[in-house]
Amino acid sequence: MESHKEKILVVDDEASICRILETRLSMIGYDVVTAGDGEEALSTFRSSEPDLVVLDVMMPKLDGYGVCQELRKESDVPIIMLTALADVADRITGLELGADDYMTKPFSPKELESRIRSVLRRRNDRTSAAAISSLGVIEVDDLKIDTNKRQVYKAGGRIRLTGVEYSLLELLMRHSGKSFSRGEILQQVWGYNAEQHADTRVVDVHISRLRSKLEDDPEHPEYILTARGTGYLFQRISELEH
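All values derive from a computational prediction rather than experimental measurement.

Enquirer: Break down the packing of aromatic side chains for me, with residues and values.
Expert: Under the counting rule described, the total for this entry stands at one aromatic pair. On the basis of an interplanar angle of 10 degrees and a centroid distance of 5.8 Å, the ring pair of Tyr223 and Phe234 is categorised as stacked. In this pair, Tyr223 is assigned in the loop between helix H8 (201–214) and strand E11 (224–227) and Phe234 in strand E12 (residues 231–234), connecting sequence segments 11 residues apart. Overall, the relative accessible area of 5% leaves Tyr223 in the buried class. Classification of Phe234 by relative accessible area gives buried; the value is 0%. Sitting above the plane of the Tyr192 ring, Arg115 keeps its charged end 5.6 Å from the centroid.

So, in structure tokens, the structure goes:
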């Protein structure tokens, strides 16, 4: 019986980049589909149901930011964005819209392959872990996390989180009161090692997104705290319950 190949959607208006990535990713065992603009990206995504999307920012018809917004309305598929934009604020816009990570052009195809492997491996590990989780439900004030269903509720209403956002929240809640550095979070949640030189601001943006969804006042968080000089932690649960 043929094993399931993980499918990757590569979206870039530069045909040469699509060809290079399609060739390289196919050689290492992935099923690859491509799209050359934002509108084609959305239709191809819906027809092919990929396991991960590599998404360029600057494209005709609908740019990568618009595609990312649309995808996040219907899916938590991992998204790695490619950007040639030099400004840091432009680079992290995709993260704020729901992308999991970004790489700047020109990029190393080998590094992109490494990040794809890491993201997909962590996603598969999370799926396996969810099936055998014994933690059940964690409740803190009006916040509830169901680790078996990988769902989060606040005041009885479900909060939609991406896969990475959920894994980040679960990591911090499982170890409430313990601070994690940005590097440790990249390793635990994204599966990156130190040699991959991922931008630690990826963590900051995801923390900001979590706070905006979970906190009553994101500017003065009660759940996800900043450990100055270290990183982040979830407030010790026993302290929140008193």
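Enquirer: Describe in detail the pattern of salt bridges, supporting the description with residues and values.
Expert: In the structure shown here, the tally under the stated rule is 17 salt bridges. Across the pair Asp216 and Lys154 runs a salt bridge, and its minimum N-O distance is 3.4 Å. Of the two residues, Asp216 sits in the loop between H8 and E11 while Lys154 sits in strand E8 (residues 151–154), which places them 62 residues apart along the sequence. Taking the relative accessible area as the measure of exposure, Asp216 reaches 67% and is therefore exposed. Between Glu165 and Arg209 there is a salt bridge whose closest N-O contact spans 2.6 Å. Placement of the pair is Glu165 in helix H6 (residues 163–174) and Arg209 in helix H8, with a sequence separation of 44 residues. Residue Arg209 is classed as buried on the basis of its relative accessible area of 8%. What you see here is one network of salt bridges that share partners, running through Asp12, Glu14, Asp56 and Lys105.

Analysis parameters
- Residues numbered from 1 in each chain as written.
- Predicted model: local features only at pLDDT ≥ 70, side-chain atom pairs only at ≥ 80, totals over all residues.
- Heavy atoms only, no water.
- Phe/Tyr/Trp six-rings, centres within 6.5 Å; stacked < 30°, edge-to-face > 60°.
- Helix = DSSP H or I, 4+ residues; strand = E, 2+ residues; numbered from the N terminus.
- Buried < 20%, exposed > 50% of the residue type's maximum accessible area, 1.4 Å probe, protein only.
- Lys NZ or Arg CZ within 6 Å of the ring centre and 35° of its normal.
- Salt bridge = Lys/Arg side-chain N within 4 Å of Asp/Glu carboxyl O.

Geometric descriptors of this kind do not, in isolation, establish any biological role.
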